[in-house]
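# Report on the structure
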Amino acid sequence: MQSSFTIYNQEDTFEYFSIDDIEDAAEYLTDPSSFRSFNIGLTELLIKKGYPGDKDNITELSEYLISKLRKINSSIGNETVISWFSGIHSPKVEAGSRNKIYEICFALELTYEETLWFFHHVYYDRAFNCHTIEEAVYYYCFLNGLSYQEAQRIIPEIEQAPAVTTNAEKSANYTQFVRDRIHEFESVAELKEFLIQNKDNFNTWNESASKTLNQLVLELIGPPESKATIDKLKQLINEKRNKHTKTLTFDLADYQNCGLLIKELLFDSQDPWENPADSPAAYIWDGIKDRNIKKNTFILERILRTDKICRDNNKIQIPYIIRNNFPSRKTMSDVLSKDKISVSKSYDSIRKMIVLLDFYRFWANEKLKKGYTDFSMDMLSDLSETYVEETNACLYQCGYEELYAGNPYDWIFLSSARSENPLKYFRELIGEL
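A short tour of the structure in this document, coming up. Bear in mind that the values here come from a model prediction, so they are computed numbers and not experimental data.

The next subject is the overall build of the protein chain. Each helix and strand in the protein chain was counted, giving 24 helices and zero strands. Of the contacts made within the protein chain by residues no fewer than 6 positions apart, 72% connect residues no fewer than 24 positions apart. For the protein chain, the computed accessible surface area is about 20,200 Å², with 48% contributed by carbon and sulfur atoms.

With that settled, the discussion passes to the side chain of Lys199. Along the polypeptide, Lys199 turns up in the loop between helix 11 (188-197) and helix 12 (207-221). The side chain of Lys199 is buried and forms no salt bridge, while Asp200, the nearest opposite charge, is found at 7.5 Å. A polar contact is formed between the side chain of Lys199 and the backbone oxygen of Ala161, at a distance of 2.4 Å. In this structure, Lys199 is in contact with Ile133, Ile158, Glu159, Gln160, Ala161 and Ala163, ignoring residues within four places of it in sequence.

Let's shift gears to the packing of aromatic side chains. Counted according to the given criterion, the structure contains 27 aromatic pairs. Relative to Phe128, the ring of Tyr112 has its centre 5.7 Å away and its plane inclined at 20°; by these criteria the two rings are stacked. Within this pair, whereas Tyr112 is found in helix 7 (residues 112-123), its partner Phe128 is found in the loop between helix 7 and helix 8 (133-144), the two being separated by 16 residues in sequence. As far as the burial class goes, Tyr112 and Phe128 line up, both buried. Three or more aromatic residues joined by ring pairs form one cluster here, namely Tyr102, Phe106, Tyr112, Phe119, Tyr123, Phe128, Tyr138, Tyr139, Phe142 and Tyr148. Sitting over the ring of Tyr400, Arg126 keeps its end group 4.3 Å from the ring centre. Here the guanidinium or amino end of Lys352 rests over the ring plane of Tyr409, the centre of that ring lying 5.2 Å away.

What follows covers the pattern of salt bridges. All told, the structure shown has 24 salt bridges when counted by the stated rule. Ionic pairing is found between Arg181 and Glu184, a salt bridge with its closest N-O pair at 3.4 Å. Residue Arg181 and its partner Glu184 are located together in helix 10 (residues 174-184), separated by three residues, close to a single helical turn. You can call Glu184 exposed: its relative accessible area is 51%. Here Asp286 makes a salt bridge to Lys289, at a shortest N to O gap of 3.9 Å. Looking at Asp286, the relative accessible area reads 47%, which means it is partly exposed. Each of the salt bridges in this network shares a partner with another, and the network as a whole consists of Glu264, Asp268, Arg305, Lys367 and Arg427.

Once that is clear, we can look at unusual backbone geometry. The phi angle at Tyr124 is positive, at roughly 60°, despite the residue not being glycine. Within the secondary structure, Tyr124 is located in the loop between helix 7 and helix 8. With a relative accessible area of 6%, Tyr124 lands in the buried category. Even without being a glycine, Asp290 presents a positive backbone phi close to 55°. Mapped onto the elements, Asp290 comes out in the loop between helix 15 (280-288) and helix 16 (296-304). In this structure Asp290 comes out as exposed when scored by relative accessible area, which is 81%.

This part takes up the nonpolar core. Grouped together as the largest cluster of nonpolar side chains are 134 residues, with contacts concentrated most on Ile104, Phe118, Val137, Ile303 and Leu357. Looking at this core, the element that brings in the most residues is helix 21 (residues 347-370), giving 12 residues. Among all residues touching Ile303, those that are not within four sequence positions of it are Leu220, Leu261, Leu356, Leu357, Tyr360, Phe426 and Arg427.

Turning our eyes to something else, we now look at the state of the cysteines. Tallied over the entire structure, the rule returns zero disulfides. The thiol of Cys394 is unpaired, and the distance to the nearest cysteine sulfur, on Cys398, comes to 4.7 Å. Overall, Cys394 belongs to the buried group, its relative accessible area being 16%.

Within the fold, Gly431 resides in helix 24 (residues 422-432). Here Gly431 falls in the exposed class, since its relative accessible area comes to 55%. Linking Gly431 and Ile22, residues 409 residues apart in sequence, is a C-alpha distance of 9.6 Å.

Put simply, helix 14 (residues 260-269) and helix 15 touch, their axes get as near as 9 Å, and they point 150° apart. When the axes of helix 14 and helix 15 are compared, the pair comes out roughly antiparallel. As for how helix 14 packs across helix 15, the hand of that crossing is right-handed. Counting all contacts with helix 14, which are made through Ile262, Leu265, Leu266, Asp268 and Ser269, the residues of helix 15 involved are Pro280, Tyr283, Ile284, Gly287 and Ile288. When its residues are assigned to classes, the contact of helix 14 with helix 15 shows seven nonpolar, two polar and one charged.

Let us now look at the packing of helix 9 (residues 148-160) against helix 11. Two elements in contact, helix 9 and helix 11, have axes separated by 9 Å at closest approach and are oriented at 35°. Pair helix 9 / helix 11 crosses with right-handed handedness. In contact with Ile154, Glu157 and Ile158 of helix 9, helix 11 contributes Val188, Leu191, Lys192, Leu195 and Ile196.

What counts and what doesn't
The residue count restarts for each chain, going from 1 along the sequence in the order it is written. Note on the predicted model: pLDDT of at least 70 is required for a residue's local features to be given, and 80 or more for side-chain atom pairs to be given and counted; whole-chain, interface and lining totals, by contrast, use all residues. Just so you know, side-chain values use all the structure's heavy atoms and leave hydrogens and water out. The secondary structure listing takes helices from DSSP runs of H or I that are at least 4 residues long and strands from runs of E that are at least 2 residues long, numbered from the N terminus. Note on contacts: a residue pair is in contact if any heavy atoms of the two residues lie within 4.5 Å. We get accessible surface area from the Shrake-Rupley algorithm with a probe of 1.4 Å; when it comes to residues, only the shown protein chains can shield them. Only protein chains enter the accessibility calculation, which uses a 1.4 Å probe; a residue is then buried when its area is under 20% of its type maximum, exposed when over 50%, and partly exposed in between. Only four residue types enter the charge count, namely Lys and Arg as positive and Asp and Glu as negative; His and the chain termini do not. Basic side-chain nitrogens of Lys or Arg form a salt bridge, by our definition, when they fall within 4 Å of a carboxyl oxygen of Asp or Glu. In protein, a polar contact requires one atom able to donate a hydrogen and another able to accept it; more generally it is a pair of N or O atoms within 3.5 Å, and residues adjacent in sequence count only if both atoms are side-chain atoms. Planes of paired rings set the category: under 30 degrees apart is stacked, over 60 is edge-to-face and the rest tilted, where pairs are Phe, Tyr or Trp rings (Trp by its six-membered ring) whose centres lie within 6.5 Å. Put simply, a charge is over a ring when the Lys NZ or the Arg CZ is close to the ring centre, within 6 Å, and near the line of the ring normal, within 35 degrees. Here, nonpolar core refers to any group of buried Ala, Val, Leu, Ile, Met, Phe, Trp, Tyr and Cys residues whose side-chain atoms link them within 4.5 Å. The criterion for a disulfide is a pair of cysteine sulfur atoms lying within 2.5 Å. Interaxial angle, 0 to 180 degrees, is taken between N-to-C directions of lines fitted to C-alpha atoms, where a helix line uses only the stretch in contact. To sort the angles, those under 35 degrees are grouped as roughly parallel, those over 145 as roughly antiparallel, those from 65 to 115 as roughly perpendicular, and the leftovers as oblique. Working rule for handedness: look at the near helix, and if it is turned counterclockwise from the far one by less than a right angle, call the crossing left-handed; if clockwise, right-handed. Residue type decides the class: Asp, Glu, Lys and Arg count as charged, Ala, Val, Leu, Ile, Met, Phe, Trp, Tyr, Cys and Pro as nonpolar, and the leftover types, Gly among them, as polar.

So, in structure tokens, the structure goes:
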């Protein structure tokens, strides 16, 4: 199920690629008509599934969907449905709203492919998180055309059955393993037997995502042994400052054991565009003085070059899909906590963190490797393709949807990747927002 929004948003990632286009890009992102809203997407879905009435009549649309929901004994209230079509409210992208989206899909008798589209292109979250028994059952039901009522009979039978102890080895990407196995089942009995035998494996989630996030953070902040190198750098700068010496010379090769954040800081200190007035010593000192470079605050402020979103992202007037779970100190603390991420259903916050950190990792490496910040358009075209391919592969490995230009959060990174200076463009766009 494809519509003009997908093509429109994809084309517009090439429209605002210049640093001079930042204000226009920000206006595009904050314009409600730029991206598919939930009420528009829901209306598209009803029309696709045979809704015969007036597509502009909120009452008719609401009554049609409500009648479908009542047939499956949905718990969604009438006022909620009306608020969706009127655009007053949309389902929040959080665990508590996911079952409502599934109820819509069951009520409208969507196919598996249509359900994927609705989750990805309208609700802006992934469908079928098969590390929960409930969604694993839903996955089987949509693959095989079973009803919501049948799903509700199967789920308690599995949950109430005693766990079976097995010696089966747990796959590194357990969610994908479950999906692959469910594809093979030819009966509900096979599904129930598999899920009952593997009940213990559904107690912890997001293992691939957790591993990926920890690897990204390590690349950004550097290994433990880099602390000694940074301490020597601070001592060197202090000596220069005490002697009132503005010059500071150093070889970037001496700091290869440091993380990307420090290496970029050192690189930028010698770049007249990034540091037009201050001496390198003053620039570096301003970036690391009294800072713990292992803290989430330092990581986010160096990536974003602003602390405003880190402190309070609820007061910033940008679209909900961008603002919701935008990487902050709290969301970063939650997704990097082994105990919290292992039971977290906040898939949106985990995915957004991966996208942010991976974007910085890719373009900071390219910046340092090339030794300059502005890329030629020919070079940029190849690099942008590589970036998208690598990020999509990373997201797939973690069980998430690929980058999608119709998602305003993803659009920021796709548009930035088309710019002649992706990191600068990204940071200025965030600042503008």
